[in-house]
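# Structural description and commentary
Take a look at the letters that make up each chain.
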Amino acid sequence: MPKQILRIGLDVPLNRLFDYVNDGFNAQVGARVVVSFSGRTLVGVIVEITDTSAVPAAKLKAVQHVFDGVVFDANMFKLLNFCANYYHYPLGQAMIAALPLRLRQIKPAKMRKSYVYQLNQAVDIASLPKRQVVLKRTVEALQANISLSEAQLAGVSTGWRKAIATLKEMGCLQQTEVVAVKAGLQSSNVEPTLNAEQQQVIRSVLGEANHFKPWLLYGITGSGKTEVYIQLLKTVLAEKGAQALILVPEINLTPQLEARFRSRLSEYPLATLHSNLSESERLQSWYSASTGEAKIVVGTRLGVFSAMPNVKMILIDEEHDSSYKQQDGMRYHARDVAVMRAKQLGIPIVMGSATPSLETWHLAKKQQYGLLRLKERAVESAQLPKINCIDIGKSPTEKGLSPILVREMRERLNRGEQSLIFLNRRGYAPVLHCSACQWVAPCVRCSARLVVHLGQKQLKCHHCGHEQSIPVQCPDCGNPDLSPVGQATQRLEQTLVDLFPTANVARVDRDSMRNKDALTDLLKKVQEKEIDILVGTQMLAKGHDFPHLTLVGVVDTDTALFSPDFRASERLFSQLMQVSGRAGRAEKPGEVLIQTTFPQHALFDALRAQDYESYANALLDERAVMDFPPTSYFALLKAEASSYSQVLTFLNDAVALAQQIPNDVMVYDPLRPQLERLNNMERGQLLLQANSRTAFHQFLRQWVPQLRAQMLANKVRWVLDIDPIEF
Ligand code: ADP
Ligand code: ZN
Ligand code: ZN
């Protein structure tokens, strides 16, 4: 009898599968295997079982091991196949990347129990041995938080396990096992009666629940979209065994959302999938989703690949959010993959947003997506805030704040209301400048400026992570008088503390909110009115409910207003709508003040009128005139090498190859991206554009393999980004 041949997907950058002989293992399609490949031992996944191979039998190696159980079912294969084709990415790599790390490893994936830790008695740091730095830091972190997960502790120090063991011995630590699938919290909130708009939306979706149907749920901030999700889930999950997949931009930023699902749908086990889980937690979540035990899976973009046997509905919250796009490896867009998943499964998918992406809006207008609207705020007394501009040409700012904004903040303070100051730039100041010779501190590895972080006395590159201490004098002219120029959140926080010495000011950005609990704790303080003024980045813009917040000040948007990125206006509009949506969410009316030199700009007209639709339509018209997405389709070939001449040669060769393939694709000349050098690599890119997706992919299917075969392809690092969002 001929031996079984297993066709296997491996994590190697070759667009093909590999044949191995099965010597007596019990093999199933979708099972993981261990094989040797070019002298390495790798984990792969069986894609096909057959008895023939193009490789001569004598040359075929045998698989070393086949694991029990399967990691992908037929539906997942279909989805991964689609992705490999659409993103022109090797299937094997796509498959392996979709697995949790533990399942990509050779040792059997054991689920280690994981714990959260909290101090159960006071520890006096001064009493700890002086040299136990890690122990001290661990105690400090535990003191600063209610409890810490293993992933969070790992962020404190790599030596955390030893510190935890010491603390356990000292008897001052309590540990609680983490269960990935938590039954929800007991419901405490009352169920609101849905208003007419919400009921209409739910009727529409449920009316077509048994087949593929993409919906855009376009509802203003606070219109009750989340409430709609909850009711939809209640109905869908009532069917025995049914599961639902919910994608959210960044779970860490929306602890309230997860808590709401847990408490309102407490009868359904819920698992989360995101990058802030420890590997062992991620494995548990993944298993619980793939066995069907978890009925609700809430995940960030990687969640779109969670194996689930019985998904009946997919929900995407804040569908416009750019964090749905993966920026390395296979550059998928989780929203687009989710739509394909829904299509393959024949189920509905609901994409919610107050400011839909133009891609989605375009499809809704063309009636390829159903359009659902929520036009009113759900809480009756809550009104949309008034939005106005402060012309800083007429009313100049001092330390970044105009007197008008300061006056309005003072009024809020006197009335016991809260203000939020939005500035989407973290650090102390965006540049360090020498007034004598105009030197500004550059990153040694990138064509970018270093950001001043005064608290840590550091200059940091926000692109490559490079850090250095602040120089005492100008390296060019020796001038000792270097000054930070411009505004960023830390500096603004300092200014606010100086201006309002009696107020409680809190800053929210990636530097101040390093773990999930920090934000949860802060949000609680805001709810309890322990904070008067919030200052922060877009971390503050997303989904939070601030009932006592009545003023939003936007400090500096003008750089974004004139960015060369063709999506800049779309993004800025959506960001400002989101952050504005934080004001006036309860009885008290809210006000938004935007500082700008260009109050007449069309974007601000649209904002003042709170008119997403007209603005989106105008932007769509512009895109159509320029032949930009979503009217046409883009792909970007990005390349980098230690010298630009290599990059350019590679890109020019790529252009020449394209010319040999008959096509309807526009191939532009090689260009340098805005950030020309990143991490010591010189960068270049080639933009491709087509009006027909089919023609585009036909071309790419011929072109990409030829690129792979290029001589220079090995010396130059390159990727193909389909539907790119960063240029
Ligand atoms: P969105 O997700 O659109 O921002 P939410 O679902 O968070 O809106 O709703 C905003 C607020 O209105 C929440 O406090 C929510 O509890 C409340 N809410 C939603 N629907 C109703 C309703 N039908 N009746 C009363 N309150 C509601
Ligand atoms: Zn100088
Ligand atoms: Zn850098």
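Residues numbered from 1 in each chain as written. Chains lettered and ligands numbered in written order. Predicted model: local features only at pLDDT ≥ 70, side-chain atom pairs only at ≥ 80, totals over all residues. Heavy atoms only, no water.

Another point: the overall build of the protein chain. When helices and strands are counted, the protein chain shows 21 helices and 31 strands. Taken over the C-alpha trace, the protein chain has a radius of gyration of 27 Å; the compact-globule value for 727 residues is 27 Å, and the two agree within 12%. Principal axes of the C-alpha set define a box for the protein chain whose edges measure 90 × 65 × 60 Å. Relative to its 727 residues, the protein chain shows a buried fraction of 54%. Relative to all contacts within the protein chain whose residues are 6 or more apart in sequence, the contacts with residues 24 or more apart total 75%. With an accessible surface of roughly 32200 Å², the protein chain has 50% of that area assigned to carbon and sulfur atoms. (Helix = DSSP H or I, 4+ residues; strand = E, 2+ residues; numbered from the N terminus. Rg over C-alpha atoms; globule rule 2.2 N^0.38 Å. Buried < 20%, exposed > 50% of the residue type's maximum accessible area, 1.4 Å probe, protein only. Contact = heavy atoms within 4.5 Å. Areas by Shrake-Rupley, 256 points an atom, 1.4 Å probe, with all protein chains shown as cover.)

The next subject is helix H6 (residues 160-169). The periodicity of an α-helix, 3.6 residues per turn, causes residues three or four positions apart to be oriented the same way. Those residues of H6 lying buried are Trp160, Ala163, Ile164 and Leu167. For H6, the buried positions fall inside an angular range of 100 degrees around the axis, keeping them on one side. Residues Lys162 and Glu169 are exposed on H6 and point more than 90 degrees away from its buried face. Note on H6: the residue one or two positions beyond its end, Gly171, has a positive phi of about 75 degrees. (Arc of directions from axis to C-beta.)

This paragraph deals with the coordination of the zinc ion (ligand 2). Protein coordination at the zinc ion (ligand 2): the donors are Cys434 (SG), Cys437 (SG), Cys474 (SG) and Cys477 (SG), at 2.2 to 2.4 Å from the metal. Around the zinc ion (ligand 2) sit four donor atoms; with metal-centred angles ranging over 104 to 114 degrees, the donor geometry is tetrahedral. The sequence pattern describing where the donors of the zinc ion (ligand 2) fall on their chain is C-x2-C-x36-C-x2-C. Of this pair, Cys434 sits in strand S18 (residues 431-434) while Cys474 sits in the loop between strand S21 (467-469) and strand S22 (482-485), placing them 40 residues apart in sequence. Overall, Cys434 belongs to the buried group, its relative accessible area being 0%. The class for Cys474 is buried, based on a relative accessible area of 1%. (Donors = N, O, S within 2.8 Å, 3.2 Å for Na, K, Ca; no water. Tetrahedral: all angles 85-135°; square planar, octahedral: opposite > 155°, others 65-115°.)

Six octahedral donors around a metal ideally sit at 90 or 180 degrees from one another, while four tetrahedral donors ideally sit at 109.5 degrees. Around the zinc ion (ligand 3), the donor atoms from the protein are Cys443 (SG), Cys446 (SG), Cys461 (SG) and Cys464 (SG), and they sit 2.3 to 2.4 Å away. If you look at the zinc ion (ligand 3), its four donor atoms make angles of 104 to 118 degrees with each other, and the shape they trace is tetrahedral. Each donor residue of the zinc ion (ligand 3) belongs to the same chain, with the gaps between them written as C-x2-C-x14-C-x2-C. Taken as a pair, Cys443 in the loop between S18 and strand S19 (451-453) and Cys464 in the loop between strand S20 (458-460) and S21 lie far apart in primary sequence, 21 residues in all.

Keep in mind these numbers describe shape, not what the thing actually does.
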